[in-house]
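# Descriptive analysis of the structure
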Amino acid sequence: MPRNNQKLVPESRQMLDQMKYEIAAEFGIQVGGYTGKDLNAEFGDELGSMSGSSRSYSGWGHLTSRENGSIGGEMTKRLVRSAELLAAGYKL
């Protein structure tokens, strides 16, 4: 079965990327290639470099499947929770 990763709302990509980096920072997972300036992320200063290490990582390729899965799982939980609150009539 082919995968369809096309977003229903293309404008949501920036918000989803911001959420992904914020969750990675909350979990203590270091991800390079992110400055936090353009997305106004709370944890932007913590990302982008490995502290105490001369190695620099860019992107998500150095992470394990478990790390990537935990980030994606948390994103899904938060998105479902937001949709449930909206359906119940709460304002976000």
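Scroll up for the structure.
### Comments concerning the packing of aromatic side chains
Evaluated as defined, the whole model comprises 1 aromatic pair. When the ring of Tyr21 is compared with that of Trp60, the centres are 5.0 Å apart and the planes differ by 45°; the resulting orientation is tilted. Residue Tyr21 is found in helix 1 (residues 13-26), and its partner Trp60 is found in the loop between helix 1 and helix 2 (65-87); the two are separated by 39 residues along the sequence.

### Considerations on the nonpolar core
Counting residues in each nonpolar core, the largest one holds 11 residues, listed as Leu16, Met19, Tyr21, Ile23, Ala24, Ile29, Val31, Trp60, Leu63, Ile71 and Met75. For this core, the secondary-structure elements that each account for two or more residues are helix 1 and helix 2. Considering every element that reaches this core, the biggest residue donor is helix 1, with 5 residues.

### Structural notes on helix 2
Helical geometry note: an α-helix holds 3.6 residues per turn, so side chains three or four residues apart project in the same direction. An ideal rise of 1.5 Å per residue puts 33 Å on 23 residues; helix 2 measures up with 32 Å between its terminal C-alpha atoms. Ile71, Glu74 and Met75 are the residues of helix 2 that are buried. At the C-terminal side of helix 2, Gly89 shows a positive phi close to 95°.

### A few points about the packing of helix 1 against helix 2
Interhelical geometry of helix 1 versus helix 2 gives an angle of 120° and a closest axis separation of 10 Å. The angle between helix 1 and helix 2 places the two elements in the oblique class. The two elements helix 1 and helix 2 meet at a crossing, and its hand is right-handed. Side by side, helix 1 and helix 2 meet where Leu16, Met19, Lys20, Ile23, Ala24 and Glu26 of the first sit next to Ile71, Glu74, Met75, Arg78 and Leu79 of the second. Among the residues forming the contact of helix 1 with helix 2, the class breakdown is 7 nonpolar, no polar and 4 charged.

### Remarks on helix 1
Given a rise of 1.5 Å per residue, 14 residues ought to cover 20 Å, and the 20 Å separating the end C-alpha atoms of helix 1 matches this to within 8%. Among the residues of helix 1, those classed as buried are Leu16, Gln18, Met19, Tyr21, Glu22, Ile23, Ala24 and Ala25. Tucked inside the fold, the buried residues of helix 1 contact helix 2. Of the residues one or two after helix 1, Gly28 is the one with positive phi, at around 80°.

The rules we used
- Residues numbered from 1 in each chain as written.
- Predicted model: local features only at pLDDT ≥ 70, side-chain atom pairs only at ≥ 80, totals over all residues.
- Heavy atoms only, no water.
- Phe/Tyr/Trp six-rings, centres within 6.5 Å; stacked < 30°, edge-to-face > 60°.
- Helix = DSSP H or I, 4+ residues; strand = E, 2+ residues; numbered from the N terminus.
- Core = buried A, V, L, I, M, F, W, Y, C linked by side-chain atoms within 4.5 Å.
- Buried < 20%, exposed > 50% of the residue type's maximum accessible area, 1.4 Å probe, protein only.
- Expected span 1.5 Å × (residues − 1).
- Axes fitted to C-alpha atoms, helices over the stretch in contact; angles between N-to-C directions.
- Parallel < 35°, antiparallel > 145°, perpendicular 65-115°, else oblique.
- Left-handed = near helix turned anticlockwise from the far one by under 90°.
- Contact = heavy atoms within 4.5 Å.
- Nonpolar A, V, L, I, M, F, W, Y, C, P; charged D, E, K, R; others polar.

In short, the description is geometric, and any link to function would need to be established separately.
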